Amino acid sequence: DAKTTQPPSMDCAEGRAANLPCNHSTISGNEYVYWYRQIHSQGPQYIIHGLKNNETNEMASLIITEDRKSSTLILPHATLRDTAVYYCIVNDYKLSFGAGTTVTVRA
Amino acid sequence: KAGVTQTPRYLIKTRGQQVTLSCSPISGHRSVSWYQQTPGQGLQFLFEYFSETQRNKGNFPGRFSGRQFSNSRSEMNVSTLELGDSALYLCASSLGSALQETQYFGPGTRLLVL
């Protein structure tokens, strides 16, 4: 069962930042938050993960609240190719994918 | 470094048949996990293999089985296929235990059962 809650969908304008929220209020102290995305019928693509501190890589930034009950994935400059379903997951050896957030980037 | 590869990419079977899917992990990765994705149930965990041993198992019937070889390649077998087994089957590999390491997914095998 998914341990996270995400909005079902969101739109974003091309070139703007996309902020994707995720609630994980039951997360345990040693569980990481992972973000993946899936572009139509392809295998999920790893984006970023974190435990307590904010993280940044070439794809995105991850902001985790101090109480670790929620996080936000930030795509700094969304492009049309970022249109996908984004999954926020708490890893307890198996990745329990919920419904995710369908992000549509519009020109 | 090459990514996770899965073969075949597409497969059509009929009810009652059995099928074997193959997954080659990223070089050096020792853990392979299998997932089933359907429109109704989403992405569900099947099992994880690490160093040729099944470490964790999801809630699937015994018709679903797997194994891992000494080179970390893994196979998944589904016997007595049912229409509901039509799905995208994904494998993911990680350097160490799936609990502690990032899992990287392959492109999947799309199975259609007629």
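My aim in this report is to walk through the structure given alongside it, one point at a time. All of these numbers come straight from a predicted model, not from anything done at the bench.

Thresholds, definitions, all that
- Residues numbered from 1 in each chain as written.
- Chains lettered and ligands numbered in written order.
- Predicted model: local features only at pLDDT ≥ 70, side-chain atom pairs only at ≥ 80, totals over all residues.
- Heavy atoms only, no water.
- Helix = DSSP H or I, 4+ residues; strand = E, 2+ residues; numbered from the N terminus.
- Phe/Tyr/Trp six-rings, centres within 6.5 Å; stacked < 30°, edge-to-face > 60°.
- Buried < 20%, exposed > 50% of the residue type's maximum accessible area, 1.4 Å probe, protein only.
- Lys NZ or Arg CZ within 6 Å of the ring centre and 35° of its normal.
- Contact = heavy atoms within 4.5 Å.
- Polar contact = N/O pair within 3.5 Å; in protein donor to acceptor, adjacent residues only side chain to side chain.
- Buried area = accessible area lost by both parts, 1.4 Å probe.

Trans is the common state for peptide bonds, and a negative phi is the common state for residues other than glycine. Residue and element names in this part refer to chain B. Cis rather than trans, the peptide bond between Thr7 and Pro8 has omega equal to -10°. Among the secondary structure elements, Pro8 is positioned in the loop between strand E1 (5–7) and strand E2 (10–13). A positive phi angle, close to 50°, is found at Ser51, a residue other than glycine. Within the secondary structure, Ser51 is located in the loop between strand E5 (42–50) and strand E6 (53–57). The phi angle at Glu52 is positive, at roughly 70°, despite the residue not being glycine. Within the fold, Glu52 resides in the loop between E5 and E6.

Let us look at the packing of aromatic side chains. With the rule as written, the count across this model stands at 14 aromatic pairs over all chains. A ring pair is formed by A:Tyr46 and B:Tyr104, whose centres lie 5.6 Å apart and whose planes are at 70°; its orientation type is edge-to-face. Taken together, the residues span two chains, with A:Tyr46 in strand E4 (residues 45–50) and B:Tyr104 in strand E10 (residues 104–105). The class of A:Tyr46 is buried, set by a relative accessible area of 18%. Its relative accessible area of 33% is what places B:Tyr104 among the partly exposed residues. Pairwise contacts between aromatic rings join A:Tyr32, A:Tyr34, A:Tyr36, A:Tyr46, A:Tyr87, A:Phe97, B:Tyr35, B:Phe45, B:Tyr104 and B:Phe105 into one cluster. Above the face of the B:Phe50 ring, B:Arg55 is positioned so that its terminal group lies 4.9 Å from the ring centre.

Within the fold, B:Gly84 resides in the loop between strand E8 (74–78) and strand E9 (87–94). Sequence separation between B:Gly84 and B:Ser22 is 62 residues, and the spatial gap between their C-alpha atoms is 20 Å.

Here B:Gln103 shows up in the loop between E9 and E10. Taking the relative accessible area as the measure of exposure, B:Gln103 reaches 1% and is therefore buried. The spacing of B:Gln103 and B:Val32 is 71 residues in sequence and 8.5 Å in space, taken between C-alpha atoms. When near neighbours in sequence (up to four residues on either side) are disregarded, B:Gln103 contacts A:Tyr36, A:Tyr46, A:Asn91, A:Tyr93, A:Leu95, B:Ser33, B:Tyr35, B:Ala92, B:Ser93, B:Ser94 and B:Ala98. Only 3.1 Å separates the side chain of B:Gln103 from the side chain of B:Tyr35, close enough to count as a polar contact.

A separate point is the interface of chain A and chain B. Counting from both sides, the interface comprises 16 residues of chain A and, opposite them, 18 residues of chain B. Here chain A and chain B share an interface that buries about 1400 Å² over both sides, 55% of which is from carbon and sulfur atoms. Where chain A meets chain B, there are three residue pairs in polar contact (both at pLDDT 80 or more). Mapped onto the side of chain A that touches chain B, the elements with two or more residues apiece are strand E3 (32–38), E4, strand E8 (84–92) and strand E9 (94–95) of chain A.

Geometric descriptors of this kind do not, in isolation, establish any biological role.
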